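Inside the fold
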Amino acid sequence: MSERTVITFGTFDVFHVGHVRILQRAAELGDRLVVGVSADALNIRKKGRAPVFTQEERLEIVSSLGVVDEVFVEESLELKGDYIRKFGADVLAMGDDWKGRFDEFAELCEVVYFPRTPSVSTTALIEHIASNS
């Protein structure tokens, strides 16, 4: 029986318990977890701001987690299908804030959406820190 590979993507900035939980749940779906960490430039294009932590720091944080087997830099949202093929992913796991957005990849692999951790948001954390400084 071959190894089951799960892939997920995210910025993973201001790392918090919601990130931990989605990575743990993704890892439970297979034998190997591959994580695409959004490039700084991608984050600026997507959210209009640079991450708090640099791409290298975010890669280091995510790769240090025991449930993560491999990390790479996600350069473009349009390349998700290429990344799924490159890493031989059997499952694409994402938070349900993306629900339906990646259904097009169901022809390449199983697509799973996880409920987000209530009351935890990187953007809200950043705004809270900024308003109290």
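Residues numbered from 1 in each chain as written. Predicted model: local features only at pLDDT ≥ 70, side-chain atom pairs only at ≥ 80, totals over all residues. Heavy atoms only, no water.

**Notes on a negative patch on the surface**
Using the following cut-off: Surface patches are defined over residues having more than 30% relative accessible area and no salt bridge, joining like charges when they lie within 9 Å and nonpolar side chains (Val, Leu, Ile, Met, Phe, Trp, Tyr) when within 5 Å. A 1.4 Å probe and the Shrake-Rupley method give the accessible areas. Residues count as covered only by the protein chains that appear here. Note on definitions: salt bridges are taken to be side-chain nitrogens of Lys or Arg within 4 Å of carboxyl oxygens of Asp or Glu. The charge count includes Lys and Arg as positive and Asp and Glu as negative, but it does not include His or the ends of the chains. Charge coordinates come from a single atom per side chain, which is NZ of Lys, CZ of Arg, CG of Asp or CD of Glu. By the criteria applied, helices consist of DSSP H or I runs no shorter than four residues and strands consist of E runs no shorter than two, each listed in order from the N terminus.
A contiguous patch of negative charge, built from E3, D31, D69 and D90, is present on the exposed surface. For D69, the position within the fold is in the loop between α3 (55–63) and β3 (70–74).

**Considerations on helix α1 (residues 17–27)**
At 3.6 residues per turn, the α-helix brings residues three or four places apart onto the same side. Put simply, the rule reads: Buried, partly exposed and exposed residues are distinguished by accessible area as a fraction of the type maximum, computed with a 1.4 Å probe on protein chains only: under 20%, between the cut-offs, and over 50%, respectively. In this description, one arc is meant: the one made by directions from the helix axis to the C-beta atoms.
Burial in α1 covers these residues: G18, H19, I22, L23, A26 and A27. Axial view of α1: buried residues confined to an arc of 165°, hence all on one face.

**Details of the pairing of strand β4 (residues 91–95)**
Here is the rule: Two strands are said to pair when DSSP picks up at least two bridges between them.
The element β4 is largely enclosed, with a buried count of five among its five residues. Of the two faces of β4, both are covered, the one formed by V91, A93 and G95 as well as the one formed by L92 and M94. The sheet contact formed by strand β1 (residues 5–10) and β4 spans two bridges and is parallel. Its bridge partner lying in β4, V6 is registered against V91. Sheet topology note: the β4/strand β5 (residues 110–114) ladder contains five bridges and is parallel. By the bridge assignment, L92 is partnered in β5 with V111.

**Some thoughts on the pattern of salt bridges**
All told, the structure shown has five salt bridges when counted by the stated rule. Put simply, R4 and E110 hold a salt bridge, and the shortest N to O gap is 2.8 Å. Of this pair, R4 sits in the segment before β1 while E110 sits in strand β5, and the two are 106 residues apart along the sequence. Judged by relative accessible area, R4 falls into the partly exposed class, the value being 31%. The salt bridge involving R32 is made with E70; its shortest N-O contact spans 2.6 Å. Taken as a pair, R32 in strand β2 (residues 32–38) and E70 in strand β3 lie far apart in primary sequence, 38 residues in all. Judged by relative accessible area, which is 18%, R32 ranks as buried. Residue classification places E70 among the partly exposed positions, given a relative accessible area of 30%.

Such coordinate-based values are descriptive only and should not be taken to indicate function.
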